[in-house]
Amino acid sequence: GKVRNMSFQANVLKVMIASPEDVAEERKIATGAIYRWNDTNASVRQLVLLPIKWETHSTPQLGVPAHTVINRQLLDDADIVIGIFGPRIGTPTEEYISGTVEEIKKHVAAGKAAKVYFSEVPIAQKRVDQNQYGLVQKFREELNGSGLSATYQSMQQFRDDFEHHLALEMNHPRYRW
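Attention here is on the structure that accompanies the text. From a predicted model like this one, the values you see are computed outputs, not experimental measurements. (Residues numbered from 1 in each chain as written. Predicted model: local features only at pLDDT ≥ 70, side-chain atom pairs only at ≥ 80, totals over all residues. Heavy atoms only, no water.)

**Overview of helix H1 (residues 24-45)**
At step 1: The first and last C-alpha atoms of H1 sit 30 Å apart over 22 residues, in line with the 32 Å expected at 1.5 Å per residue.
At step 2: Residues of H1 that are buried include every one of Glu 26, Arg 27, Ile 29, Ala 30, Thr 31, Ala 33, Ile 34, Trp 37, Asn 38, Ala 42 and Arg 45, and no others.
At step 3: Backbone geometry just downstream of H1 places Gln 46 in the positive-phi region, at approximately 50°. (Helix = DSSP H or I, 4+ residues; strand = E, 2+ residues; numbered from the N terminus. Expected span 1.5 Å × (residues − 1). Buried < 20%, exposed > 50% of the residue type's maximum accessible area, 1.4 Å probe, protein only.)

Dropping the structure here:
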């Protein structure tokens, strides 16, 4: 793109992308959508969305459970959390069925915005860990009717829906300064 010689004061909103490792493509799509939102809106809105992901934002610390570190470093100051689940719920923590579930629940409990996506992309049943899949379905039922969750049948639908939801969320008065 063209280099614009424009600097501007902006507020930064941290968007945590929380998921197990099996939805790498969706994590990339969500990150791209956030950057596209910035391209279109950041200077007008004086607002920059910063995608926060364990791949890029957590540093190893000795002496504490790995997940405790991620929570402390990433989630405690995230403004919005995006949860994404395929057939896996993820790795359990001391208190929760998975780290991702813990991130989402703590975030919602703190009164912050969250959207959780569940994949309905067809996959070969033989590749699915039924126990993990069962836990995903259980969590999905728990969120039913809360308005927090959405499903997608393809990567294209995930991209479209996520961009739409992000735009709607960012139009909320609480993000206007």
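Picking up after the structure, the text goes on.
**As for the nonpolar core**
At step 1: Counting residues in each nonpolar core, the largest one holds 23 residues, and the members touching the most others are Leu 49, Ile 80, Ile 84, Phe 158, Phe 162 and Met 170.
At step 2: Elements with a contribution of two residues or more to this core: strand E1 (11-18), H1, strand E2 (47-52), strand E3 (80-85), strand E4 (113-119), strand E5 (149-152) and helix H6 (155-170).
At step 3: Per-element tally for this core: the top contributor is H1, with five residues.
At step 4: Excluding anything up to four places from it in sequence, Phe 162 contacts Ala 30, Ala 33, Ile 34, Ile 82 and Tyr 117.
At step 5: In this structure, Ile 52, Val 101, Ile 104 and Val 116 belong to the second largest nonpolar core, which totals 16 residues. (Core = buried A, V, L, I, M, F, W, Y, C linked by side-chain atoms within 4.5 Å. Contact = heavy atoms within 4.5 Å.)

**Considerations on unusual backbone geometry**
At step 1: Phi is positive for Gln 46, close to 50°, though the residue is something other than glycine.
At step 2: Residue Gln 46 is classed as partly exposed on the basis of its relative accessible area, which comes to 42%.

**A closer look at the packing of aromatic side chains**
At step 1: The final tally for this structure, using the stated rule, is seven aromatic pairs.
At step 2: Relative to Phe 139, the ring of Phe 85 lies with its centre 5.6 Å away and its plane at 75°, an arrangement referred to as edge-to-face. Taken together, the residues span a long stretch of sequence, with Phe 85 in strand E3 and Phe 139 in helix H5 (residues 130-143) at a distance of 54 residues. For the pair Phe 85 and Phe 139, a shared accessibility class is recorded, and that class is buried.
At step 3: Seen in terms of ring centroids, Phe 158 and Phe 162 are 5.9 Å apart; in terms of plane orientation they differ by 20°. Their pairing is stacked. (Phe/Tyr/Trp six-rings, centres within 6.5 Å; stacked < 30°, edge-to-face > 60°.)

**Focus on the sheet that holds E5**
At step 1: With parallel pairing, the five strands of this open sheet are ordered in space as E2-E1-E3-E4-E5. Looking at strand neighbours, the two that pair on one side only are E2 and E5, the edges of this open sheet. Across the sheet, the mean angle from the axis of one strand to that of its neighbour is 20°, orientation sign disregarded.
At step 2: Pairing of E4 with E5 involves four bridges; the strand directions are parallel. Among the inter-strand pairings, Phe 118 is bridged to a residue of E5, identified as Thr 151.
At step 3: Across the face of the sheet, helix H4 (residues 99-109) comes into contact with E1, E3 and E4 while running at roughly 150° to E3.
At step 4: Sheet strands in contact with H6 are E1, E2, E3, E4 and E5, and its direction is about 170° off that of E4. (Pairing = 2+ DSSP bridges. Axes fitted to C-alpha atoms, helices over the stretch in contact; angles between N-to-C directions.)

**Some thoughts on the pattern of salt bridges**
At step 1: Applying the stated criterion to the full structure yields four salt bridges.
At step 2: Notably, a salt bridge pairs Glu 102 with Lys 106, separated by 2.7 Å at the nearest N-O pair. Of this pair, Glu 102 and Lys 106 both sit in helix H4, separated by four residues, roughly a single helical turn.
At step 3: Linking Glu 120 and Arg 140 is a salt bridge whose minimum nitrogen-to-oxygen distance equals 2.4 Å. In this pair, Glu 120 is assigned in the loop between E4 and H5 and Arg 140 in helix H5, connecting sequence segments 20 residues apart. (Salt bridge = Lys/Arg side-chain N within 4 Å of Asp/Glu carboxyl O.)

**Comments concerning the pairing of E2**
Look at any regular strand and the pattern is simple: side chains alternate between the two faces of the sheet.
At step 1: The pairing of E1 with E2 spans six bridges and is classified as parallel. The residue bridging Asn 11 from the neighbouring strand is Leu 47, located in E2.
At step 2: Chirality of the crossover, the property in question, places the unit of E1, H1 and E2 among those that are right-handed. (Right-handed = clockwise from strand over helix to strand, strands pointing away.)

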